[in-house]
Amino acid sequence: MCGIVGYVGYRNATDVLIEGLRRLEYRGYDSAGVAVKTEEGLKSLKRAGKLKRLEAALLEKPISGSSGIGHTRWATHGPPTDENAHPHLTEDGKLAIIHNGIIENYAELKARLLARGHRFVSDTDTEVLVHLIEEHFQGDLEAAVRQALSEALGAYAIVVLHQDREEIIAARTVSPLVIGLGEGENFVASDVPALLPFTRKVVFLEDGEMAVITPDAVRVSDLRGHPRPLRTTEIEWSLEDAEKGGYPHYMLKEIHEQPWVLENTLGGRLDEANGEVTLDLTLDPTAFDKIHVVAAGTAYYAGWVGKYLIEKLARIPVEADIASEYRYRDPLADERTLFIAVSQSGETIDTLEALREAKRRGASVLGVINVKGSTITREADDTLYIHAGPEIGVASTKAYVAMLAAMTMVAIWLGRARGTLGAEETRQLIGEMRKLPRLAEATLAQQEAIERIAAKYHQASDFLFLGRNLHAPTAYEGALKLKEISYIHAEAYPAGEMKHGPIALIDEHLPVVVVTPKGPWYEKTRSNIQEVKARGGRVIAVATDGDEDVKGDAEEVLYIPEVHPLLSPILAVIPLQILAYEIAVLLGRDVDQPRNLAKSVTVE
Ligand code: M6R
């Protein structure tokens, strides 16, 4: 969380910073600020609220210079005010810092610095760092940053600028940073999209590395000062991939990209002739007795579907865990455990820490990840990229369907190698998987019908989502989408569990979304619809094309094309994404940047 951009070069740094921050606002939008090295020393401007407030302030008071740092904040310590906005500067205004993460021992450091006469103007943990660096600075900025960091505990990605130095210093522990390489200019950012207008040649800083960045050079070392090699990577995403492309919101664009995303995720990996998937993984699928699938939020729901698929196709016990719970439950992971980390960003700290816990216990790690070069991909033994392209909307959509497609392939990979899945069955499944992009396209055609349903129900104060087996996660994901972007309270339950308590919620005011496409769960879920109906609940069903029976029971039906039941979660979530989107738009919510959220959660 928090967006970071730094620049040194020949352009006006403020323009580069603002351009980069626009592409990072999804990381946090509580406040924004810049500090730029000008001919009259460092100048800084910061504003609580969204980036546009800072842009307006900069129009009135322009700042130009050839190096600078910029930040969008997701508040941890201290409310979103101008004072708490980054960058934080020393009292003499010569040194500035931006930070993502949490300095855990900030209170102790602050007490020490106060005693030495430093004056603090914010409530943030970050401000201690700028004073600590000042305390150590004797002309060598790199050395001062290194010394300060040796005293700081916690997670951080920082970028530091000094009025008398022709360089910016970047350093990270846990929180991500990526350096962009240019000609006569260089960049640093918390995420790749900020760099795309300028360069696609990047260096991902490793955990515990720092970099000295000048217009003509980038030098990387560890936090003790030992040199580290510059490992450059070419980013495949284009600038267009990270823009709205005519849609009013990134979320809607990303929902509509799903057919293409499925092509991308599956492309080149389905070998129908031999009934195999080609995943180019080095892990041995026969080397494990159990699997732990661990993730957060939407990625966890994809992992939950993955659990059912793997157990069904590969007959190996799988536990699906919420990442923030995993490491505290003393997990029974060992050398015969495959730990699968599912994550769009590859940076979610809960997932990363769970991964580290599993590794300490001897497990092998497979990452199912979207962002190339992200921390999880570097710490995992192997990575299966989901190839969803940049996902900017804070509410995850296209990454979810890509994760589901990827987990299906993982299940096939395991099942084929372990001899639990035959070639013919795999060929049939692959034949169906090939249809997914076209079927996703057909599902999107429901948009208008869903708009009408959204108009009818958008005033409801609560929703209940139900689904059974593979569609329990679909129900949870539908509820999460609705809560996140509309702020309507939504509960999800496995459909069979409803009668054990939540049924008491049902009355004529409660819309109940029941996910019931054709599959082994169908009849039982239909009975649950009857139970809701009998208590006056208003059912919105998600069903398979041609299912006329469900029409008699439900007030509304959203149809998805017929597909192999194991693949139906990939299609069934799409109407729920659109429903949440349309309701949020009708309520005038900020769809791409819903309150209190951030795209990638890098604090525990
Ligand atoms: O980047 P990750 O997939 O690891 O992110 C996990 C969750 O933070 C994320 O899915 C979150 O729940 C989204 N806001 C869901 O829309």
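Residues numbered from 1 in each chain as written. Predicted model: local features only at pLDDT ≥ 70, side-chain atom pairs only at ≥ 80, totals over all residues. Heavy atoms only, no water.

(A) Up close: the site of the ligand. Around the ligand, a shell composed of 14 residues is seen, among which Ser-343, Gln-344, Ser-345, Thr-348 and Glu-484 lie nearest. In this structure, an oxygen atom belonging to the ligand sits 2.4 Å away from a side-chain N or O atom of Thr-348. Taken by itself the ligand offers 410 Å² of open surface, and the protein chains cover 92% of this. Every element with two or more residues in the shell around the ligand is listed here: helix 8 (297-314) and helix 15 (471-486). No other element matches helix 8, which puts three residues into the shell around the ligand. (Near = heavy atom within 4 Å. Polar contact = N/O pair within 3.5 Å; in protein donor to acceptor, adjacent residues only side chain to side chain. Areas by Shrake-Rupley, 256 points an atom, 1.4 Å probe, with all protein chains shown as cover. Helix = DSSP H or I, 4+ residues; strand = E, 2+ residues; numbered from the N terminus.)

(B) The arrangement of the pairing of strand 9 (residues 178-181) in detail. Burial along strand 9 is two-sided: the residues Val-178 and Gly-180 and Ile-179 and Leu-181 are all buried. Where strand 9 lies against strand 10 (residues 186-189), four bridges are found, and the strand directions are antiparallel. Residue Ile-179 lies in a different strand from strand 10, and its bridge partner there is Val-188. Hairpin connection, strand 9 to strand 10: the antiparallel pair is bridged by four residues, and Gly-184 has positive phi, about 70°. (Buried < 20%, exposed > 50% of the residue type's maximum accessible area, 1.4 Å probe, protein only. Pairing = 2+ DSSP bridges.)

(C) Broad picture of the side chain of Ser-486. With respect to the helices, strands and loops of the structure, Ser-486 is situated in helix 15. Once you skip the residues sitting within four places of it in the chain, Ser-486 turns out to touch Ile-583, Ala-584, Leu-587 and Arg-589. (Contact = heavy atoms within 4.5 Å.)

(D) The sheet that holds strand 4 (residues 67-73), seen in detail. Strand order across the open sheet formed by eight strands is 3-2-4-1-10-9-11-15, with antiparallel pairing between neighbours. In this open sheet, the two strands that pair with only one neighbour each are strand 3 (41-48) and strand 15 (232-234). Strand-to-strand, the axes of this sheet are offset by a mean angle of 20°, without reference to chain direction. In this fold helix 2 (residues 51-60) packs onto strand 2 (31-38) and strand 3, with an angle of close to 135° to the strand it touches most, strand 3. (Axes fitted to C-alpha atoms, helices over the stretch in contact; angles between N-to-C directions.)

(E) Main features of the domain arrangement of the protein chain. Considered domain by domain, the protein chain is made up of domain 1 (3-240), domain 2 (244-434) and domain 3 (439-593). For domain 2 and domain 3, the distance between their C-alpha centres works out to 25 Å. The interface of domain 2 with domain 3 comprises 33 residues on the first partner and 30 residues on the second. Summing both sides of the interface, domain 2 and domain 3 together bury roughly 2,800 Å²; the carbon and sulfur share of this comes to 74%. (Domains from an automatic or database assignment. Buried area = accessible area lost by both parts, 1.4 Å probe.)

(F) Fine view of the packing of helix 12 (residues 398-418) against helix 13 (residues 423-444). Axis separation between helix 12 and helix 13 bottoms out at 11 Å; the angle between their running directions is 170°. Here helix 12 is positioned roughly antiparallel relative to helix 13, judged by the angle of their axes. Residue-level contacts link Ala-405, Thr-408, Met-409, Ile-412 and Arg-416 of helix 12 to Ala-423, Thr-426, Leu-429 and Met-433 of helix 13. Residue composition of the contact of helix 12 with helix 13, grouped by class: six nonpolar, two polar and one charged. (Parallel < 35°, antiparallel > 145°, perpendicular 65-115°, else oblique. Nonpolar A, V, L, I, M, F, W, Y, C, P; charged D, E, K, R; others polar.)

(G) Region of the structure containing the nonpolar core. Core analysis: the biggest nonpolar cluster contains 100 residues, and Ile-310, Ile-340, Phe-463 and Phe-465 have the highest contact counts within it. In terms of residues, this core owes the most to one element, helix 12, which gives 15 residues. Domain assignment of the residues forming this core places at least three in each of domain 2 (244-434) and domain 3 (439-593). Filtering out sequence-adjacent residues up to four positions away, Ile-340 remains in contact with Ile-291, His-292, Val-293, Val-294, Ile-310, Leu-366, Val-368, Met-407 and Val-410. Leu-21, Val-34, Phe-187 and Val-192 belong to the second largest nonpolar core, which has 36 residues in total. (Core = buried A, V, L, I, M, F, W, Y, C linked by side-chain atoms within 4.5 Å.)

(H) Spotlight on the sheet that holds strand 22 (residues 382-385). If you trace the five strands from one edge of the open sheet to the other, you get 19-18-20-21-22, paired in parallel fashion. Edge positions in the sheet fall to strand 19 (318-322) and strand 22, since each has one partner strand and no second. Geometrically, the sheet is characterised by an average inter-axis angle of 20° between neighbouring strands, direction not taken into account. Here strand 20 (residues 337-343) runs beside strand 21 (residues 364-369); their pairing, made up of six bridges, is parallel. Within strand 21, the position partnered with Ile-340 by the bridge is Leu-366. Docked against the sheet, helix 8 engages strand 18 (290-295), strand 19 and strand 20, running at close to 175° with respect to strand 19. In the packing of helix 10 (residues 349-360) onto the sheet, contacts are made with strand 18, strand 20 and strand 21, and the angle to strand 20 comes to roughly 170°.

(I) Structural view of the packing of aromatic side chains. With the rule as written, the count across this model stands at nine aromatic pairs. Taken together through their ring pairs, the aromatic side chains of Tyr-300, Tyr-301, Trp-304 and Tyr-476 make up a single cluster. A cation over an aromatic ring shows up here: Lys-518 above the ring of Tyr-522, its NZ or CZ 4.9 Å from the ring centre. The aromatic ring of Tyr-487 is capped on one face by Arg-595, whose charged end is 3.9 Å from the ring centroid. (Phe/Tyr/Trp six-rings, centres within 6.5 Å; stacked < 30°, edge-to-face > 60°. Lys NZ or Arg CZ within 6 Å of the ring centre and 35° of its normal.)

(J) Region of interest: unusual backbone geometry. Note the cis peptide between His-86 and Pro-87, where omega equals 0°. Relative to the assigned elements, Pro-87 resides in the loop between strand 4 and strand 5 (88-89). Phi is positive for His-387, which is not a glycine, with a value near 55°. Following the sequence through the fold, His-387 ends up in the loop between strand 22 and helix 12. Residue class for His-387 comes out partly exposed when judged on its relative accessible area of 31%. Located in the positive-phi region is Asn-469, a residue other than glycine, with phi close to 55°. Looking at where Asn-469 falls in the secondary structure, it is placed in the loop between strand 23 (462-467) and helix 15. For Asn-469, a relative accessible area of 38% puts it in the partly exposed group.

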